[in-house]
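# Descriptive structure summary
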Amino acid sequence: MAAELLSATSFIYDRAVTERFPTVGVIGAGQLARMMVAPATALGVRLRLFAQSSQDSGAQMCEHVVGDYKDLEALKKFARDCDVITFEHELIPLSVIKGLESSGVRVFPPSSAFIYSQDKAAMREKLGAFPSPHWKVVTSASEMDQFPLIAKSISGGYDGRGVRQVNSQDELEEILKTTPQLLIEELIAFDCEIAVMVARSPHGQATSWTPTETVQKDGICTLTITPAASIDSVLAERAQQLALDIAQEVGVVGVMAVEMFIKGDNIFVNELAMRPHNSGHWTIDGSRTSQFEQHLRAILDLPLGDPAMTDEFAVMGNILGGEKMDMYRPYLHLMARNPELKFHQYKKEVRLGRKIGHVTATGSDLLQLTSDVQHARDYMSGAIDE
Ligand SMILES: Nc1ncnc2c1ncn2[C@@H]1O[C@H](COP(=O)(O)OP(=O)(O)OP(=O)(O)O)[C@@H](O)[C@H]1O
Ligand SMILES: [Mg+2]
């Protein structure tokens, strides 16, 4: 009898404790969801993923269901057991997000903001008052007579897929055969590319991290340097303010990356990503609050954390799939060589050019940090043997 009473009491106690903590549902279970697991665990927040497969990077180590993210009914069912729904990729059809909202599900970022990270033409139109490259949506090559220019798929692009430099009307005509509508942009001969990460909560509290310089090769980000080394503090502050103003303008809730081009003293907005972003991975090891923790705080309408850096510089290198299949063995050499390096594995199948992990170093000697990160990155992917 006593034992029964005791277990009944502890059951009530457990429920009371756990029920005060919310459940966050994430649509998508890639590496971004995976990196949300650690801060969710620390905060006591239950995280559930809507995965495409149990082998997905995040699904390997987090509670999940498997389903099709285009299936509104399946998502509604998933959402029943969540207090708030968020995303870790931009492929979920807007109609599905709206369907969730109209059935009373709390979705952050809301569809009214999310559209600007899915539809580059809608984003250009919405941000008309912000400094941007000249742009136009075209369906016929004859609409353009000045080349070179940049042609982009209006939606569905990532890692530079769907973005091309076009040098002639003939080339443009060729692309229009497979993509009947394109966003055409003035080609900006930029000095460097930066990204400013911001976070905004439903009641409008907003923070931003110091701007990050992103280095891309073949359309894929290979290295980030924070604070952006090629810009001065005045420009950095302007970029941060710009990102905060854009967050307010589009009404984002959660974390957002504002990608920008810098040319001289000019800033041009490139695009928006409304989720934790590759250019914010350094925050895990180099900021008081990581972008993954901040995203959870923002969508739960909790006070936001301190985005200050914990060191003078943070350098992050993406590990891209190469010849090496074994990602564990290189630890022996690299950890002995550079004990300060921080490794992050996504546990994805190694495929050529695919982002399979990243490595970060923080400290005060930027040249040394950069060289250590580049070495580790290239060693991991097999581009160098020593
Ligand atoms: N107007 C432009 N002028 C010059 N370069 C550009 C322009 N637009 C894009 N680029 C180059 O192409 C890259 C990819 O473009 P964008 O960010 O729009 O595409 P994306 O496929 O969504 O990329 P990702 O998802 O990797 O950020 C940019 O990082 C930049 O290097
Ligand atoms: Mg981009």
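Fair warning: this is a prediction, and the values are worked out from it, not measured in the lab.

### Quick look at the pairing of strand β11 (residues 212-217)
As judged from the three bridges shared by strand β9 (residues 192-200) and β11, these two strands associate in the antiparallel manner. By the bridge assignment, E193 is partnered in β11 with T214. Bridge count between β11 and strand β12 (residues 220-226): five bridges; the pairing is antiparallel. By the bridge assignment, V215 is partnered in β12 with L223. If you look at the hairpin formed by β11 and β12, you'll find two residues sitting between the two strands, and D218 has a positive phi there, around 50°.

### Overview of the coordination of the magnesium ion (ligand 2)
Surrounding the magnesium ion (ligand 2) are the protein donor atoms E259 (OE), E259 (OE) and E271 (OE), which sit 2.0 to 2.8 Å from the metal. With E259 in strand β13 (residues 254-263) and E271 in strand β14 (residues 266-273), the pair connects residues that are 12 residues apart, well separated along the chain. Assessed through its relative accessible area of 19%, E271 is described here as buried.

### Describing helix α7 (residues 169-178)
L172, I175 and L176 are the residues of α7 that are buried. Down the axis of α7, the sector holding all buried residues measures 100°, keeping them to one side. Away from its buried face, by an angle of more than 90 degrees, α7 presents the exposed residues D170, K177 and T178.

### A short note on the site of ligand 1
Around ligand 1 lies a shell of 20 residues, among which K120, K152, E193, E259 and E271 are the nearest. Between a nitrogen atom of ligand 1 and a side-chain N or O atom of E185, the distance comes to 3.0 Å. In the model, an oxygen atom of ligand 1 is placed 2.7 Å from a nitrogen or oxygen of the E271 side chain. Compared with its free state, where it exposes 610 Å², ligand 1 has 88% of that area covered by protein. Contributing elements (two or more residues each) for the shell around ligand 1: β6 (149-153), β13 and β14. Tallied by class, the residues present in the shell around ligand 1 amount to seven nonpolar, four polar and nine charged.

### Overview of the nonpolar core
Judged by nonpolar contacts, the single largest core of 46 residues is most densely connected at I246, M256 and L272. Ranked by residue count, the leading element in this core is helix α8 (residues 233-250), at eight residues. Among all residues touching I246, those that are not within four sequence positions of it are L127, F130, M256, V258, V269 and L272. One finds L32, C62, F292 and Y346 within the second-largest nonpolar core, a separate group that totals 23 residues.

### Focus: the packing of helix α4 (residues 94-102) against helix α5 (residues 111-118)
Between α4 and α5, the shortest axis-to-axis distance is 10 Å and the interhelical angle comes to 170°. By the angle class used here, α4 and α5 are roughly antiparallel. Across the interface between the two elements, L94, I97, K98 and E101 from α4 touch S111, F114, I115 and Q118 from α5. Taken together, the residues of the contact of α4 with α5 break down into four nonpolar, two polar and two charged.

Scoring rules and cut-offs
- Residues numbered from 1 in each chain as written.
- Chains lettered and ligands numbered in written order.
- Predicted model: local features only at pLDDT ≥ 70, side-chain atom pairs only at ≥ 80, totals over all residues.
- Heavy atoms only, no water.
- Pairing = 2+ DSSP bridges.
- Helix = DSSP H or I, 4+ residues; strand = E, 2+ residues; numbered from the N terminus.
- Donors = N, O, S within 2.8 Å, 3.2 Å for Na, K, Ca; no water.
- Buried < 20%, exposed > 50% of the residue type's maximum accessible area, 1.4 Å probe, protein only.
- Arc of directions from axis to C-beta.
- Near = heavy atom within 4 Å.
- Polar contact = N/O pair within 3.5 Å; in protein donor to acceptor, adjacent residues only side chain to side chain.
- Areas by Shrake-Rupley, 256 points an atom, 1.4 Å probe, with all protein chains shown as cover.
- Nonpolar A, V, L, I, M, F, W, Y, C, P; charged D, E, K, R; others polar.
- Core = buried A, V, L, I, M, F, W, Y, C linked by side-chain atoms within 4.5 Å.
- Contact = heavy atoms within 4.5 Å.
- Axes fitted to C-alpha atoms, helices over the stretch in contact; angles between N-to-C directions.
- Parallel < 35°, antiparallel > 145°, perpendicular 65-115°, else oblique.

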